[in-house]
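Understanding the architecture of this molecule
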Amino acid sequence: SSSSSSLSSLSSSQQRHSRGPSFITLCVAIRACRGDRGRRWADAVRLYAEALARAPGVREEEEARRSVVSALAAAGQWERAEKIFREHRTAASQRTYEHLLEAYARAGVWQGALALAGEMEARGCTLNAHVYRWLIASCNPRKKWRKALEILGDMRGKMLRPGGGVV
C-alpha cells in the first residue's frame, strides 16, 4: 500500500539524516496511519513516541496525541486510544475528545462515551453535532436503541440539528 511505502521511505530518510524526521513530519506520518481503517496503528504508536520526544511544547504534544488517538480510533483500538488520551498531563482539545468518542463508538463502548461527554462538558468543551453523532453511534453495536433515542432527544433539546450521519 502507499502508506506502507511512505513509512518505509520515512525510515530510510531517517537513516540517511542523523537528526531524523521533524516533529511535523512525524505527525503527518501518524495521521497517514489512519488510512486503510487504521491497519497501521502500531506504526502510529511507534511514531507517536518519537514525536513526543521531539515535541517542543505542550501544544505540539497535544497535536501528536490527537493524531495517534485518531489513528487508533480508525483501527478500533479504543483501549489503547484511551490509555494515550489519559496519560497526558495537559487537557485534551475538543478534537481529541471527539476522536476518543469515535473509538468508543466503533467498539460500542456506550457507557464510556457518555462518561466522556460528561467530562467534556465539565471541562467546557462543546457537545456539538459531531459529539452527539458518536454518542448515538456508540449505542448501535450494543443495540441500545432506547439510549440512542434519549441522546437524540437531548440533542434536539439543545437545539442542535442532527447531521453528519446522526439520524
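Below, the structure is looked at part by part. Predicted model only: the values in this text are computed from it and were never measured. Here the residue index of a chain counts from 1 through its sequence in written order. Local features in this predicted model are restricted to residues whose pLDDT is 70 or higher, and side-chain atom pairs enter the listing and the counts only when it is 80 or higher, whereas totals over whole chains, interfaces and linings include all residues. Excluded from the side-chain calculations are hydrogens and water; all other atoms, namely the structure's heavy atoms, are used.

Attention now goes to the overall build of the chain. Secondary structure follows DSSP: runs of H or I at least 4 residues long count as helices, runs of E at least 2 residues long count as strands, and numbering of each begins at the N terminus. Scanning the chain for helices and strands turns up 10 helices and zero strands. Along the chain, helices (α) and strands (β) appear in the sequence α-α-α-α-α-α-α-α-α-α when read from the amino end. Long-range pairs, those at least 24 residues apart, make up 64% of the contacts in the chain with a sequence separation of at least 6. Looking at the chain as shown, the accessible area adds up to about 9,200 Å², and 49% of this sits on carbon and sulfur atoms. The contact criterion used is simple: two residues touch if any of their non-hydrogen atoms lie within 4.5 Å. Areas reported as accessible are Shrake-Rupley estimates using a 1.4 Å probe. Residue values count occlusion only from the protein chains shown.

When charged atoms on two side chains of opposite charge get close, those side chains can pair. Just to be clear on terms, a salt bridge is a Lys or Arg side-chain nitrogen sitting within 4 Å of an Asp or Glu carboxyl oxygen. One pass over the full model with this rule turns up 14 salt bridges. A salt bridge links arginine 106 to glutamate 102; its shortest N-O distance comes to 2.9 Å. With arginine 106 and glutamate 102 both in helix H7 (residues 94-107) and four residues apart, the pair spans about one turn of that helix. Partly exposed describes any residue whose relative accessible area lies between the buried limit of under 20% and the exposed limit of over 50%, with all areas from a 1.4 Å probe on protein chains only and scaled to the type maximum. By relative accessible area, which is 46% here, arginine 106 ends up partly exposed.

Residues apart from glycine generally show negative phi values, whereas peptide bonds are mostly found in trans. Even without being glycine, aspartate 36 reaches a positive phi, approximately 55°. Even without glycine at this site, arginine 37 takes up a positive phi of about 55°. Within the fold, arginine 37 resides in helix H3 (residues 35-38).

These figures capture arrangement, not role.
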